Amino acid sequence: MTPNPTTTTKTTISVDDSSSWTDIPFARLHGDISKKLNGNNLGPTDIPFVTSVSDTSLFIRRSAESVIFLLVYVDDIILTGSSMECIQSLMHTLHNEFSLKDLGSLSYFLGIEFTQLSNGLFLSQRRYIEDLLVRANMQGAKPVTTDLHPVDSPLLSDVTMYRSLVGGLQYLSMTRPDISFAVNKVCQFMHKPAEAHLIFVKRILRYLQHTSTFGIFLRPERDLQLSFSAYSDADWAGNHLDRRSTSGYCVYLGSNLISWSSRKQRTVS
């Protein structure tokens, strides 16, 4: 199963909040950096970086004095750790070996906006929502406060726009657990959508227009000792057409919500 990059990002930030990020101008350097980091040391230390088991884009270096996390996604890097001195030393080494641009404090990464507050980070995708509304030609649409409204209608003659918008909604749900159920619903009709399903999608977009500033708040959890909590639930044969259930879960690291899902089960209840 492919790891979710935003889940890795939220988990890393939850462990430590002294984050800065760097933008590599050429995506081809991603492979070079990965090979250089994996099992090798950078900076004034003999301790190498180790690739995370759960996500090969995450590199970790642990020592008695500090822990350094380095997230590498194509041409973007997040660098964070428990020691600012070690972070600055690593940044100096990276600048000497690669063509890097230091963009300072974390503010935008993988289409997600990061707003630094006095007690944590706020993650949102307001700009991404605006782009979706432009793609759907719904900039001036009337906003609504609910995200699903069932109707009946014939099949769509052209499914291109439907699939494009639903794909965008899937990525948007990375910071919006409140739309997970609705997005999962419209995903179920990607192969053969009807006009009613496009109305569903537009309803979700109108809801997002009304709630474009919503997001996820992460607090630094320095003493959490990897304390995870998980909750799950399911309806029982909630779909009256195929008798399949919809299940959902959410996972917390300390007090931070880092992962969630809503999905129709594959088998009949």
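Residues numbered from 1 in each chain as written. Predicted model: local features only at pLDDT ≥ 70, side-chain atom pairs only at ≥ 80, totals over all residues. Heavy atoms only, no water.

Trainee: Please explain the nonpolar core as it appears in this structure.
Mentor: Among soluble globular proteins, nonpolar side chains are generally buried collectively. By size, the foremost hydrophobic cluster in this structure holds 24 residues, and its most contacted members are Leu 169, Leu 172, Val 201, Leu 205 and Leu 208. Among the secondary structure elements, those contributing two or more residues to this core are helix H4 (126–135), helix H5 (160–172), helix H6 (180–187) and helix H7 (195–210). Of all the elements, H7 adds the most residues to this core, at seven residues. Excluding residues that lie within four positions of it along the chain, Leu 172 makes contacts with Gln 125, Tyr 128, Ile 129, Leu 132, Ile 179 and Leu 208. Phe 69, Leu 71, Tyr 73 and Phe 114 belong to the second-largest nonpolar core, a separate cluster that totals 18 residues. (Core = buried A, V, L, I, M, F, W, Y, C linked by side-chain atoms within 4.5 Å. Buried < 20%, exposed > 50% of the residue type's maximum accessible area, 1.4 Å probe, protein only. Helix = DSSP H or I, 4+ residues; strand = E, 2+ residues; numbered from the N terminus. Contact = heavy atoms within 4.5 Å.)

Trainee: Looking at this structure, I do not really get the packing of aromatic side chains. What am I missing?
Mentor: Two numbers describe a pair of aromatic rings. These are the distance of the centres and the angle of the planes. For the structure shown, the criterion picks out three aromatic pairs. Here the aromatic rings of Tyr 128 and Tyr 171 are separated by 5.6 Å at their centres, their planes lie at 55°, and the arrangement is tilted. Taken as a pair, Tyr 128 in helix H4 and Tyr 171 in helix H5 lie far apart in primary sequence, 43 residues in all. Tyr 171 sits in the partly exposed class, given a relative accessible area of 24%. The ring of Tyr 108 has Arg 127 lying over it, and the distance from NZ or CZ to the ring centre is 4.1 Å. (Phe/Tyr/Trp six-rings, centres within 6.5 Å; stacked < 30°, edge-to-face > 60°. Lys NZ or Arg CZ within 6 Å of the ring centre and 35° of its normal.)

Trainee: How do you make sense of the sheet that holds strand S9 (residues 120–124) when you look at a structure like this?
Mentor: Sheet strands line up and pair through hydrogen bonds in the backbone, either parallel or antiparallel. Here four strands make up an open sheet; going across it, the order is S7-S8-S9-S10 and the pairing antiparallel. Where the open sheet ends on each side, the last strands, each with one partner, are strand S7 (108–109) and strand S10 (215–218). Where strand S8 (residues 112–117) lies against S9, five bridges are found, and the strand directions are antiparallel. Paired with Thr 115 across the bridge in S9 is Phe 122. (Pairing = 2+ DSSP bridges.)

Trainee: How do you make sense of the pattern of salt bridges when you look at a structure like this?
Mentor: Two side chains bearing opposite charge may form a pair once their charged atoms approach each other closely. Tallying each qualifying case throughout the model produces four salt bridges. Put simply, Arg 127 and Glu 113 hold a salt bridge, and the shortest N to O gap is 3.9 Å. Taken together, the residues Arg 127 in helix H4 and Glu 113 in strand S8 connect sequence positions 14 residues apart. Residue Arg 176 is joined to Asp 178 by a salt bridge in which the shortest nitrogen-to-oxygen separation is 2.9 Å. Judged by relative accessible area, Asp 178 falls into the partly exposed class, the value being 32%. Here the residues in one salt-bridge network are Glu 113, Arg 126, Arg 127 and Glu 130, joined through shared partners. (Salt bridge = Lys/Arg side-chain N within 4 Å of Asp/Glu carboxyl O.)

Trainee: Help me understand the sheet that holds strand S12 (residues 244–253), please; the structure alone is not making it clear to me.
Mentor: In spatial order, the strands read S11-S12-S13; together these three strands make up an open sheet with antiparallel pairing. At either end of the open sheet lies a strand with only one pairing partner, and these are strand S11 (228–234) and strand S13 (256–268). Strand-to-strand twist across the sheet, computed as the mean angle between neighbouring axes with direction ignored, equals 15°. Pairing geometry for S11 and S12, over seven bridges, is antiparallel. Its bridge partner lying in S12, Ala 230 is registered against Val 251. In the packing of H6 onto the sheet, the strands contacted are S12 and S13, and the crossing angle to S13 comes to about 35°. (Axes fitted to C-alpha atoms, helices over the stretch in contact; angles between N-to-C directions.)

Trainee: Just to check I follow, could you spell out the side chain of Ser 180 for this structure?
Mentor: Structurally, the position occupied by Ser 180 is in helix H6. The exposure class of Ser 180 is buried, given its relative accessible area of 12%. Excluding its chain neighbours within four sequence positions, the residues that come into contact with Ser 180 are Ser 173, Trp 260 and Ser 262.

Trainee: Got a minute to help me understand the packing of H5 against H7 in this structure?
Mentor: The geometry of a pair of packed helices is captured by two quantities: the angle between their axes and the separation between those axes. Orientation of H5 relative to H7, taken along the N-to-C sense of each, is 40°, at an axis distance of 11 Å. Viewed along their axes, H5 and H7 adopt a mutual orientation that is oblique. Handedness of the H5/H7 crossing: left-handed. Across the interface between the two elements, Tyr 162, Leu 165, Val 166, Leu 169 and Leu 172 of H5 pack against His 197, Leu 198, Val 201, Ile 204, Leu 205 and Leu 208 of H7. Broken down by class, the residue content of the contact of H5 with H7 amounts to ten nonpolar, one polar and no charged. (Parallel < 35°, antiparallel > 145°, perpendicular 65-115°, else oblique. Left-handed = near helix turned anticlockwise from the far one by under 90°. Nonpolar A, V, L, I, M, F, W, Y, C, P; charged D, E, K, R; others polar.)

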